[in-house]
Amino acid sequence: MTFRPAVRRLAALTAPVALALAAAAPALPAQAAPAGRPAPVLTTGPADKDLDGDGVPDLVTVGGTAGLGSGVWSALGVQSRKTGVGTGAVHTPAVNIGLRGNGAGGDFEGTQVITGRFFGGAVEDFLDYNPKTRSGGVIRGAGDGTMTNPDLSGNQATILGDLLTDAYGNVPVTIANAYTADGVDTGIPDLIGISGDAANGYRLNYYPNAWAPALYYYGFALAAATPTGGTDWENWSIASTELSSGVAIFLRNAATGDLYLWTGVTIVDNGDGTGSLSRTQYQVAANWNTGVEISTLWAADINADGAPDLRTVLPDGTARAYLVSGLSQTGTATVVATRAQQLV
């Protein structure tokens, strides 16, 4: 029998008490739609990637690189005194919030860390994932840009990597927050990622949340080509954010310098292990940081103009924001790079 998405997720519960773990996440503040150069919108509550509740998106990156020590580094966004929205800069020095480890007896070496309301509460939490160890977890956020102690009961939940496998037994090589792109709101975000192998190819995959923190399965492959129409998903990286207009995903090909943006991303589970993806595509830039190693690609509407922006962190520990405007389906967008900052 074929289950519809909501029914399939309810079937994953082992006891009614698990329903208590699904708390409704608060709605994001309304933001202006991109059109020319709109006036910034002063947010009055948390926005996506806002870790401390001041309405300005913040930055998180994993250390263990040439410029950053081991751990997880948090840098809060700078708010414009004139407009009240983000400027693109972050407060430095960044703070190492990962000194206690991941709560599962390990550290953050080789992991990817993303943020979202992964416990279904009002503040942003942290999700760490390591494709080499096929493991990960979620750690409750403290609401001030830091993590709660992951070793204390209730502050950490482990992700079983085997539940993220695709039809060929591969786990994602990279993941991003998918929010509720499939329209089924469990109160906890879904995940989207890229997985595959040389023999069977790579593809984009969707991992629905099963009504509990860190519980993801019934994943399915998406019938979606890369932004340039190919199947070489192994050459692309992704970073996501959520706007009032829906889910947005940046897609970057490091070798070619192609940078694209998908907005209004919606997912449909076909019920047979595959899914369909709808989106509006924009080419943001050509020859963007071609061949440059980027440790963290971080998406958020930094200046509250309704258009997603990017932050990057390089292995040397420098961070920079790229403010995007003028999205067009007939040409590239306007991308303004801010001054690079040394995080520590």
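The preceding data block contains the structure.
Fair warning: this is a prediction, and the values are worked out from it, not measured in the lab. (Residues numbered from 1 in each chain as written. Predicted model: local features only at pLDDT ≥ 70, side-chain atom pairs only at ≥ 80, totals over all residues. Heavy atoms only, no water.)

Participant: Got a minute to help me understand the layout of surface pockets in this structure?
Facilitator: In this approach the atoms are scanned with a rolling probe the size of a water molecule, which exposes any empty space left behind. There is about 1,000 Å³ of room inside the largest pocket. In terms of lining residues, the largest pocket is bounded by 43 residues, among which Q112, T174, I294, S295 and T296 are the most central. For the lining of the largest pocket, the secondary-structure elements that each account for two or more residues are strand 1 (59-62), strand 6 (112-116), strand 10 (174-179), strand 14 (236-243), strand 15 (246-253) and strand 18 (296-300). Taken together, the residues of the lining of the largest pocket break down into 20 nonpolar, 17 polar and 6 charged. (1 Å grid on protein atoms, 1.4 Å probe; cavity = no way out; pocket = protein on both sides within 12 Å on 5 of 7 lines; lining within 4 Å. Points joined across faces, edges and corners; volume = space filled by probe spheres on them. Helix = DSSP H or I, 4+ residues; strand = E, 2+ residues; numbered from the N terminus. Nonpolar A, V, L, I, M, F, W, Y, C, P; charged D, E, K, R; others polar.)

Participant: What should I look at first to understand the sheet that holds strand 11 (residues 190-197) in this one?
Facilitator: Strands belonging to one sheet form pairs held by backbone hydrogen bonds; the direction of such a pair is parallel or antiparallel. Taken in spatial order, the 8 strands make up an open sheet running 10-11-12-13-17-16-15-14, and their pairing is mixed. Each having just a single partner strand, strand 10 and strand 14 make up the two edges of the open sheet. Here the average twist between neighbouring strands, direction ignored, is 35 degrees. Bridge count for strand 13 (residues 220-222) against strand 17 (residues 274-285) is 2 bridges, and the pairing is parallel. Within the sheet, the bridge partner assigned to L222 lies in strand 17 and is G275. (Pairing = 2+ DSSP bridges. Axes fitted to C-alpha atoms, helices over the stretch in contact; angles between N-to-C directions.)

Participant: Would you mind going over the side chain of S240 with me for this structure?
Facilitator: With respect to the helices and strands, S240 occurs in strand 14. At 2.6 Å, the side chain of S240 and the backbone oxygen of N177 are in polar contact. Setting aside its immediate chain neighbours within four residues, S240 contacts D48, K49, A176, N177, Y179, A248, I249 and A299. (Polar contact = N/O pair within 3.5 Å; in protein donor to acceptor, adjacent residues only side chain to side chain. Contact = heavy atoms within 4.5 Å.)

Participant: Sorry if this is basic, but what is going on with empty space enclosed by the protein here?
Facilitator: Under the criterion given, the structure shown has 2 cavities of 30 Å³ or more. Its volume calculated, the second largest cavity comes out at about 30 Å³. Lining the second largest cavity are I97, R100, G101, M147, T148 and P150. Among the residues forming the lining of the second largest cavity, the class breakdown is 3 nonpolar, 2 polar and 1 charged.

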